[in-house]
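Okay, here's what each chain looks like letter by letter:
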Amino acid sequence: MATAAATSASEPEAESKAGPKADGEEDEVKAARTRRKVLSRAVAAATYKTVGPGWDQQEEGVSESDGDEYAMASSAESSPGEYEWEYDEEEEKNQLEIERLEEQLSINVYDYNCHVDLIRLLRLEGELTKVRMARQKMSEIFPLTEELWLEWLHDEISMAQDGLDREHVYDLFEKAVKDYICPNIWLEYGQYSVGGIGQKGGLEKVRSVFERALSSVGLHMTKGLALWEAYREFESAIVEAARLEKVHSLFRRQLAIPLYDMEATFAEYEEWSEDPVPESVIQNYNKALQQLEKYKPYEEALLQAEAPRLSEYQAYIDFEMKIGDPARIQLIFERALVENCLVPDLWIRYSQYLDRQLKVKDLVLSVHNRAVRNCPWTVALWSRYLLAMERHGVDHQVISVTFEKALNAGFIQATDYVEIWQAYLDYLRRRVDFKQDSSKELEELRAAFTRALEYLKQEVEERFNESGDPSCVIMQNWARIEARLCNNMQKARELWDSIMTRGNAKYANMWLEYYNLERAHGDTQHCRKALHRAVQCTSDYPEHVCEVLLTMERTEGSLEDWDTAVQKTETRLARVNEQRMKAAEKEAALVQQEEEKAEQRKRARAEKKALKKKKKTRGPEKRGADEDDEKEWGDDEEEQPSKRRRVENSIPEAGETQNVEVAAGPAGKCATVDVEPPSKQKEKAASLKRDMPKVLHDSSKDSITVFVSNLPYSMQEPDVKLRPLFEACGEVVQIRPIFSNRGDFRGYCYVEFKEEKSALQALEMDRKSVEGRPMFVSPCVDKSKNPDFKVFRYSTSLEKHKLFISGLPFSCTKEELEEICKAHGTVKDLRLVTNRAGKPKGLAYVEYENESQASQAVMKMDGMTVKENVIKVAISNPPQRKVPEKPETRKAPGGPMLLPQTYGARGKGRTQLSLLPRALQRPSAAAPQAENGPAAAPAVAASAATEAPKMSNADFAKLFLRK
């Protein structure tokens, strides 16, 4: 060892004397120096571990001169050359990163990626002691993956030198096989144990490892074969006559199990065995082959799919559960968990099977422990773990420590903390012997209830800004225990007083729960008192509480009690009815106010129309009466210019051909239609509008009517085209399309059904494509009576089983996206978000069967490239939809009351300028000139003229020439 150190120390000295290197050898010099540096550190660490801290250079045969030479060589090696500086800079950078990672872990020890990065850097720098400590810390918190364990084991195997080191490696292997059941780790374990066969008990150790490996993963259809072969090779290498029977036994055991490449194993056995294969072995072999054919479809599905293959594993698990072989069921669960260790539902299903079927203490508790280490954020796993520990008689101190770990696991919801506290309090309650007046367990239970209430108030409410237990379930349970099991009604009443002071006094069900507790374990006086308080405080269902009070007094109370109850209930109900009437009057007043505002807007529009008509008659161009009538019929479209639409078959201009070929008719051929001049068309449109009967909407039929909008404006005969669609939902009574003043279809209609269930079924047709546009189907509601009503089909709250995908290419179809998503689970629904015209917006919502599949899909799909677009995937949690505030009169500071600013049908425009045609501005700016002289100016123009006299062209010239 000392020689190796001296040799490695002398090499740099020789290199320094050799002079400068050629350009082609520079990279090799740098790599060699790096390897020597790591090697020297490894040798020093191994020497220290073998000899101990008392080792010094002289005892190992290294003289002081050798040490000086080593120091000189080191200084020569570290001379300021180009590559030495580069290496030092890289090492310094790594050291800074290591310090940062260590500091981050001191703040948050549950950062998985930080542990992995720290181990990688320490291993790169050759810090073997620190690497070992970092790995040990990480393995105490998280289960390590197969790759991390194999890397750790290979490092320790390469450093092992004596028996103590070998025992340390054995301990690491034992920890590794407990985290996950991996055939590769078992194979490494068996092969490493073969190296210790020369030690005492080495042969028994090897056989023990291989037998455990076979019982663990020997049934693995694709990877179990390697273990069987390794075990047989080991037994065959031992040249003893007694060992031949051991090899025979291994062959026979293997051939009775369905494994891939069984035919080759059978042929090998026939060739190896001197005697013919027994008939019983052949029968077991054929039976295993038949079983293999049943398992092959599931194994091939796993081989063809990409990781994590959750849906394939779930199908495989269902198949094994039907067969019912416990060993195979356990193995398929373990295989699935290797790739899906972060799926809580899979752990829950596995632990549930073990709890109900196998009930083996060590196996059950091991799986529960691994489950909470893999998914510590899932409260259901912790609750099941506590129940399993209690079920198998684990020591109370161990259960308490596990509960404390659960509190520090970092749950994502406030209600999760309530659930884990309930599970622990239930466990403590079952420990108490309530036949005794007082006991240590009872005091511990009461102390736990007190601590739970303080924890929820201080820790949970401060973290989540909400109470995880608004109904005070924990306090209710405590009160029931005190009343029913401890006969302590005084404590129960104190707890219920605290419950009511936390905002629950307005709920009738809370008072009735208290009343029932008093009824069962209290007395009539306190029951009466509770109901009297309930009558005064309840605001949701006061009639129910009053009825309970009167019923109790009718059966148990005196005449005085009855009179008091009747008086209180009547007074309370009268006050409630008065409040409800006031609320109804207020609502009616708001409705009337809205109707008055609508009437004012209607009158304002009428006055505006009259003013426009009057100004047009005074304009320089006079129009006939027919054209004025025409304009009157089209005024509705002038009120809302944002609603003007392009009609597909527009009217041709003068000078164009009057015969126009239009789209194919029912026969599929183009038909020539004679288009009349625009003036005749306008006359026909006006006459059509005058002749069109107005159908008033009947609000009493809103429950059997749906409102259909966003239809194509070019749709011909909407009632005829829409009827077949909606008749699939039920009998259609009437379809009322809405037309404009010119007779054009406005893109929406009302569909009236015969039955209400048909209307509800029609709502499911929302977003159905009709002539290339998504059709909107919503309930029919009178907005004047329900101004705040707004239909939004999809949920706006957090949905853990649904994903929101953004950044999709516009060319991505629903089928293509579904093909991508179903690789990570069962897709129940997929919706591409489109605009009103049906064009994609690059967004999508994907609903999976459960939360675990959605979380798995987020990890696998976020950042994926789809048609050269990098998509973003997250759990669906839309922002809260803002409810528009009701317009109110505002008052400017220091000024008069201002009316609220009103916008058009599409909201606020880009500008707020009042644009007025120039033709309408002329009368107010100057007197209009008529053919036979100036026309009479309006009064407004006259007043303006008195304020500002007219100026001629000469006056303007003087202004420009004036200096």
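Quick caveat, the model's predicted, so the values are computed rather than measured. (Residues numbered from 1 in each chain as written. Predicted model: local features only at pLDDT ≥ 70, side-chain atom pairs only at ≥ 80, totals over all residues. Heavy atoms only, no water.)

Side note on the overall build of the protein
For the protein, the count of helices and strands is 38 helices and 17 strands. Taken over 963 residues, the protein has a buried fraction of 34%. For the protein, contacts bridging at least 24 residues in sequence account for 59% of all contacts bridging at least 6. A total accessible area of about 58700 Å² is found for the protein, and carbon and sulfur atoms account for 51% of it. (Helix = DSSP H or I, 4+ residues; strand = E, 2+ residues; numbered from the N terminus. Buried < 20%, exposed > 50% of the residue type's maximum accessible area, 1.4 Å probe, protein only. Contact = heavy atoms within 4.5 Å. Areas by Shrake-Rupley, 256 points an atom, 1.4 Å probe, with all protein chains shown as cover.)

Re the pattern of salt bridges
Under the criterion given, the structure shown has 43 salt bridges. Between Arg135 and Glu151 there is a salt bridge; the shortest N-O distance is 3.3 Å. Taken together, the residues span a long stretch of sequence, with Arg135 in helix 6 (residues 128-141) and Glu151 in helix 7 (residues 146-159) at a distance of 16 residues. Its relative accessible area of 29% is what places Glu151 among the partly exposed residues. Among the ionic pairs, Arg135 bridges to Asp155, the shortest N-O distance being 2.9 Å. One end of the pair, Arg135, is in helix 6; the other, Asp155, is in helix 7, and 20 residues separate them in sequence. You can call Arg135 buried: its relative accessible area is 4%. The class for Asp155 is buried, based on a relative accessible area of 19%. When salt bridges with common partners are traced through the structure, they connect Arg123, Arg135, Glu151 and Asp155 into a single cluster. (Salt bridge = Lys/Arg side-chain N within 4 Å of Asp/Glu carboxyl O.)

Here we look at the nonpolar core
If you look at the biggest cluster of nonpolar residues, it comprises 154 residues, and the most contacted ones within it are Ile420 and Trp421. Here Trp421 is in contact with Phe403, Leu407, Ala448, Arg451, Ala452, Tyr455, Leu456 and Ile474, once residues within four sequence places are set aside. Residues Cys729, Phe745, Cys749 and Val770 belong to the second largest nonpolar core, which totals 19 residues. (Core = buried A, V, L, I, M, F, W, Y, C linked by side-chain atoms within 4.5 Å.)

Thoughts on unusual backbone geometry
For the bond from Ala307 to Pro308, the omega torsion is 10 degrees, close enough to zero to count as cis. Residue position: Pro308 is located in the loop between helix 14 (279-304) and helix 15 (310-323). With phi around 60 degrees, Asn710 is a residue other than glycine that occupies positive phi space. Tracing the chain through its elements places Asn710 in the loop between strand 3 (705-709) and helix 32 (718-726). A relative accessible area of 4% means that Asn710 is categorised as buried.

Digging into the state of the cysteines
Counted by the stated rule, this structure contains 0 disulfides. With no disulfide partner, Cys812 has as its closest neighbouring cysteine sulfur the one in Cys821, 8.5 Å distant. (Disulfide = S-S within 2.5 Å.)

Details of the packing of aromatic side chains
Inspection of every chain in the model, using the stated rule, returns 33 aromatic pairs. Taking 6.0 Å as the distance between ring centres and 45 degrees as the angle between the ring planes, the aromatic pair formed by Tyr417 and Tyr455 counts as tilted. With Tyr417 in helix 21 (residues 414-431) and Tyr455 in helix 22 (residues 440-464), the pair connects residues that are 38 residues apart, well separated along the chain. Classification of Tyr417 as buried rests on a relative accessible area of 4%. Here the aromatic rings of Trp421 and Tyr424 are separated by 6.5 Å at their centres, their planes lie at 65 degrees, and the arrangement is edge-to-face. (Phe/Tyr/Trp six-rings, centres within 6.5 Å; stacked < 30°, edge-to-face > 60°.)

Considering a nonpolar patch on the surface
A grouping of Leu342, Trp377, Ile412 and Met859 is seen on the molecular surface, where their side chains present a nonpolar patch of about 350 Å² in accessible area. For Met859, the position within the fold is in helix 35 (residues 851-861). (Patch = residues over 30% accessible without salt bridge, like charges linked within 9 Å, V, L, I, M, F, W, Y side chains within 5 Å.)

Concerning the sheet that holds strand 9 (residues 827-834)
One open sheet accounts for 4 strands, arranged 9-10-8-13; its pairing is antiparallel. In the strand order of this sheet, the two ends are held by strand 9 and strand 13 (872-876), each with one partner. Shown here is a sheet whose adjacent strand axes are inclined to one another by a mean of 25 degrees, direction ignored. Strand direction decides the pairing type here: strand 9 and strand 10 (residues 840-848), joined by 7 bridges, are antiparallel. In the sheet register, Val827 faces strand 10, and the bridge partner there is Tyr848. Where helix 34 (residues 814-821) meets the sheet, its contacts fall on strand 8 (799-806), strand 9 and strand 10, and the angle it forms with strand 9 comes to roughly 140 degrees. (Pairing = 2+ DSSP bridges. Axes fitted to C-alpha atoms, helices over the stretch in contact; angles between N-to-C directions.)

A short note on the confidence of the model for the protein
Scored by pLDDT, the protein comes out at a mean of 77, with 72% of its residues at no less than 70. Here residues 918-948 is modelled with pLDDT under 50, and outside its nearest four sequence neighbours on either side it reaches 9 contacts, counting other chains as well. (pLDDT = per-residue confidence, 0-100.)

Some details on the packing of helix 23 (residues 473-485) against helix 24 (residues 489-504)
Direction vectors running N to C along helix 23 and helix 24 enclose 160 degrees, while the axes themselves pass 8 Å from each other. Here helix 23 lies roughly antiparallel to helix 24, going by the angle between them. Once helix 23 is placed against helix 24, the crossing between them reads as left-handed. Contact residues: Met475, Gln476, Trp478, Ala479, Glu482 and Ala483 in helix 23; Met489, Lys491, Ala492, Leu495, Trp496, Ser498, Ile499 and Arg502 in helix 24. Considered class by class, the residues forming the contact of helix 23 with helix 24 number 9 nonpolar, 2 polar and 3 charged. (Parallel < 35°, antiparallel > 145°, perpendicular 65-115°, else oblique. Left-handed = near helix turned anticlockwise from the far one by under 90°. Nonpolar A, V, L, I, M, F, W, Y, C, P; charged D, E, K, R; others polar.)

A word on the side chain of Arg335
As for its position among the elements, Arg335 is in helix 16 (residues 326-339). For Arg335, a relative accessible area of 11% puts it in the buried group. At 2.9 Å, the side chain of Arg335 and the side chain of Glu299 are in polar contact. Sequence-distant contacts of Arg335, that is, excluding residues within four places in its chain, are made with His220, Met221, Thr222, Glu299, Leu302, Tyr313 and Tyr316. (Polar contact = N/O pair within 3.5 Å; in protein donor to acceptor, adjacent residues only side chain to side chain.)

So, a negative patch on the surface
Together, Glu229, Glu233, Asp261 and Glu263 make up a negatively charged patch on the protein surface. Judged by relative accessible area, Glu263 falls into the partly exposed class, the value being 46%. (Lys, Arg positive; Asp, Glu negative; His and termini not counted. Charge placed at Lys NZ, Arg CZ, Asp CG, Glu CD.)

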